[in-house]
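Listed below are the residues making up each chain.
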Amino acid sequence: MSSKNFIIADVFTEKPFGGNQLAVFTDGSGLDTEVMQTIAREMNYSETTFLLPPEKGGDFRVRIFTPASELPFAGHPIVGTGYAIVSEGLKAVEDGLTTVRLETGVGELVVKVTTLNLAAKQLGDSTMTQPLPEVKSRWTDLPRLAKALSLDAADIESTQLPVEVIYNGIPVMIIPLASLAALQKIKVDTGALEAISREAGAITVMVFCRETAMPTSTVHCRVFVPVEGIAEDPATGSANGPLGFYCVRHRLVEWQPTTKIISEQGFEMKRPSLINIELDLEPATGEVMNIRVGGGVVISGKGEIFI
């Protein structure tokens, strides 16, 4: 019998047991796809990652699994895995920022981990650069969508904003709501929302509003992934990049050369998460040139699994 070690990281939080849980297996060598998928199902977090030797000049190759399938890209697993690599000494801590290059199914992604105190190897936020999003389609049957969320169509229609499917490696349906109260009362009809997701070509469903729980935040959101068997996700980095893109695209925030957005997620699950979104814009047109998503990470546990 062999074994593999893993780290539990809480991502997009400054406190243990907040944010989104992630299991990082620091040595995935010798494991085939079936075994990795079985381990991810056993861990039963929204995602589990496995580190492998690089193939294209990066620092590591990373494979990402939900309990149901492998993903080419995801947000909190990349942010958390980059942090874990530095915190566990798999790459030496550098003064200021430590850069980790991860080979993924959508190409190389860069994670930068802030150093607060080099002598103590004290780390700060972890931030990833994401693929640029593109709008794939709009969903126009708002009564059907609202019913799947146990809402009234007016909760969506009154925003006068579109429901869009945006792709950055993972297709996400972004749904605007008029109020925090509407967002908090959502009760998902899983079968109905899964059917809509599949028809729309979306994996992730993100519902957001501009009313927030904290005065320093910009938006409040909830994320559901019925096609992957995830009832609700407490912090979704891959979807928050497109949310920032949506907010800029529809002028929901003031354009700045670097536009900063703070997104709240996971509050309804008692795993509060704060996700920092930065978008570099071409000032005259608002064209998004770069997107970065990041936040705090806490290593909350370590373990060993037998294979």
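Everything numeric here is computed off the predicted structure, so don't read it as measured data. (Residues numbered from 1 in each chain as written. Predicted model: local features only at pLDDT ≥ 70, side-chain atom pairs only at ≥ 80, totals over all residues. Heavy atoms only, no water.)

**Overview of unusual backbone geometry**
Item 1. Positioned with a positive phi, S150 is a non-glycine residue whose angle comes to about 60°.
Item 2. Positive phi is not limited to glycine here, since Q160 has a value of about 60°.
Item 3. Here Q160 is to be found in the loop between α4 (153-157) and β10 (163-167). (Helix = DSSP H or I, 4+ residues; strand = E, 2+ residues; numbered from the N terminus.)

**What to know about the side chain of T98**
Item 1. Following the sequence through the fold, T98 ends up in strand β6 (residues 97-104).
Item 2. Among all residues touching T98, those that are not within four sequence positions of it are V86, A92, V93, V111, K112, V113 and T115. (Contact = heavy atoms within 4.5 Å.)

**Considerations on the pattern of salt bridges**
Two side chains bearing opposite charge may form a pair once their charged atoms approach each other closely.
Item 1. In this structure the tally under the stated criterion is 14 salt bridges.
Item 2. In this structure, D10 engages R271 in a salt bridge whose closest nitrogen and oxygen atoms are separated by 3.3 Å. Separated by 261 residues along the polypeptide, D10 in strand β1 (residues 3-11) and R271 in the loop between β15 (258-265) and β16 (273-281) bring together distant segments of the chain. R271 carries the same exposure label as D10, and that label is buried. (Salt bridge = Lys/Arg side-chain N within 4 Å of Asp/Glu carboxyl O. Buried < 20%, exposed > 50% of the residue type's maximum accessible area, 1.4 Å probe, protein only.)

**Quick look at the side chain of T115**
Item 1. Relative to the elements of secondary structure, T115 occurs in strand β7 (residues 107-117).
Item 2. By relative accessible area, which is 9% here, T115 ends up buried.
Item 3. Looking at T115, its side chain comes within polar contact range of the main-chain oxygen of E94, at 2.6 Å.
Item 4. Excluding residues within four positions of it along the chain, T115 makes contact with V93, E94, G96, L97, T98, Q122 and L123. (Polar contact = N/O pair within 3.5 Å; in protein donor to acceptor, adjacent residues only side chain to side chain.)

**What to know about helix α2 (residues 75-87)**
Item 1. Between its first and last C-alpha, α2 extends 18 Å over 13 residues, near the 18 Å set by a 1.5 Å rise per residue.
Item 2. With 12 of its 13 residues buried, α2 lies for the most part within the structure.
Item 3. Turning to α2, its buried residues are G75, H76, P77, I78, V79, G80, T81, G82, Y83, A84, I85 and V86.
Item 4. Just beyond α2, the residue with positive phi is G89, at close to 75°. (Expected span 1.5 Å × (residues − 1).)

**Re the environment of F73**
Item 1. Note that F73 resides in the loop between β5 (70-71) and α2.
Item 2. When its relative accessible area of 0% is taken as the criterion, F73 is described as buried.
Item 3. Sequence separation of F73 and G107 is 34 residues, and the distance between their C-alpha atoms is 9.0 Å.
Item 4. Here F73 is in contact with I64, V106, L109, M128, Q130, P131, N168, G169, I170 and S238, once residues within four sequence places are set aside.

**Quick word on the nonpolar core**
Item 1. I78, L102, M128, F208 and L279 are the most contacted members of the largest nonpolar core, which has 58 residues in total.
Item 2. Not counting chain neighbours up to four residues away, the residues in contact with L279 comprise G244, F245, V248, P257, T258, T259, I261, V288, N290 and I291.
Item 3. Grouped together as the second largest cluster of nonpolar side chains are 26 residues, V163, V165, M173 and V205 included. (Core = buried A, V, L, I, M, F, W, Y, C linked by side-chain atoms within 4.5 Å.)

**Remarks on helix α7 (residues 237-249)**
Counting along an α-helix, one turn takes 3.6 residues, and residues three or four places apart therefore face a common direction.
Item 1. With 13 residues, α7 extends 19 Å from end C-alpha to end C-alpha; this agrees with the ideal 18 Å at 1.5 Å per step.
Item 2. The element α7 is extensively covered by neighbouring structure, given that 12 of its 13 residues are classed as buried.
Item 3. Of the positions making up α7, those classed as buried are G237, S238, A239, N240, G241, P242, L243, G244, F245, Y246, C247 and V248.
Item 4. In the stretch just after α7, R251 is the one whose phi turns positive, near 55°.

**A closer look at the pairing of strand β2 (residues 20-25)**
Moving residue by residue along a regular strand, the side chains alternate between the two faces of the sheet.
Item 1. Among the six residues in β2, five count as buried, and that is most of the element.
Item 2. Here six bridges tie β1 to β2, and the two strands are oriented antiparallel to one another. Within β2, the residue paired with F6 across the bridge is F25.
Item 3. With three bridges joining them, β2 and strand β3 (residues 48-52) adopt parallel strand pairing. Paired with F25 across the two strands is F50, which belongs to β3. (Pairing = 2+ DSSP bridges.)

**A few points about the environment of E108**
Item 1. Here E108 shows up in strand β7.
Item 2. In this structure E108 comes out as partly exposed when scored by relative accessible area, which is 39%.
Item 3. Residues E108 and I78 lie 30 residues apart in sequence; the distance between their C-alpha atoms is 11 Å.
Item 4. Contacts of E108, omitting those with residues within four sequence positions, involve G58, R101, L102 and E103.

Everything listed here is a matter of geometry and, on its own, says nothing about what the molecule does.
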